[in-house]
Amino acid sequence: MILVYVLMSWLPNVRESFIGELLGKFVEPYLAPFRRFIPPIMGMIDISPIIALFVLQLAQRGVYAILEFFLLR
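A brief look at the structure comes next.

Cut-offs applied
Throughout this description, residue numbers start from 1 for each chain and increase along the sequence as written. Since the coordinates come from a predicted model, pLDDT governs what is reported: local features require at least 70, and pairs of side-chain atoms require 80 or more to be given and counted, while whole-chain, interface and lining totals use all residues. Each side-chain value is worked out from all heavy atoms of the structure, with water and hydrogens disregarded. Pairing of aromatic rings covers Phe, Tyr and Trp, the last through its six-membered ring, and needs centres within 6.5 Å; plane angles under 30 degrees mean stacked, over 60 mean edge-to-face, and all others mean tilted. Throughout, exposure labels follow a simple rule: accessible area from a 1.4 Å probe, protein chains only, divided by the maximum for the residue type, with under 20% read as buried, over 50% as exposed, and the rest as partly exposed. Throughout this description, the term charge over a ring refers to an Arg CZ or Lys NZ atom that lies within 6 Å of the ring centre and within 35 degrees of the ring normal. Numbering of helices and strands starts at the N terminus; helices are DSSP runs of H or I of at least 4 residues and strands are runs of E of at least 2. Residue count minus one, scaled by 1.5 Å, sets the expected span of a helix. Here, two residues are considered to be in contact whenever any of their heavy atoms come within 4.5 Å of each other.

### Points about the packing of aromatic side chains
Then, in step 1: Counted according to the given criterion, the structure contains two aromatic pairs.
Then, in step 2: The interplanar angle of 80° and the centroid separation of 5.2 Å between the aromatic rings of F69 and F70 together place this pair among those described as edge-to-face.
Then, in step 3: Looking at F69, the relative accessible area reads 43%, which means it is partly exposed.
Then, in step 4: Its end group placed over the ring of Y5, R15 keeps NZ or CZ at 4.0 Å from the ring centre.

Following this line, the structure appears as structure tokens:
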């Protein structure tokens with residue numbers, strides 16, 4: 001969902017559509033803490049979604065490792 005939301009920013013008026021607003025309600029609360037600590041590069045390029053996806057992937061791998069540890073014993 002994050003990737004689709006970011007790609008929608010490249011298309012004019014897509015974020016203002018019903019789907020864009022719906023995705024924004026799901027994605028923005030997760031991206032907000034990252035945007036607070038990571039400023040845009042040169043005032044234009046927002047890399048916070050990339051960092052957010054990286055953190056989400058690390059969390060997913062951590063949960064998988066914990067489940068494997070407890071379920072495969």
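So, next bit.
### Some points on helix α2 (residues 18-37)
Then, in step 1: End to end, α2 covers 29 Å across 20 residues, agreeing with the expected 28 Å (1.5 Å per residue, within 8%).
Then, in step 2: Turning to α2, its buried residues are G20, L23, G24, V27, L31 and F34.
Then, in step 3: Structurally, α2 contributes buried residues whose contacts are with α1 (2-8) and α3 (48-71).

### Things to note about α3
Then, in step 1: Relative to the 34 Å expected for 24 residues at 1.5 Å per residue, α3 spans 34 Å between its end C-alpha atoms, a close match to the ideal helical length.
Then, in step 2: Taken residue by residue, α3 has S48, P49 and A52 as its buried positions.
Then, in step 3: Buried residues along α3 sit against α1 and α2.

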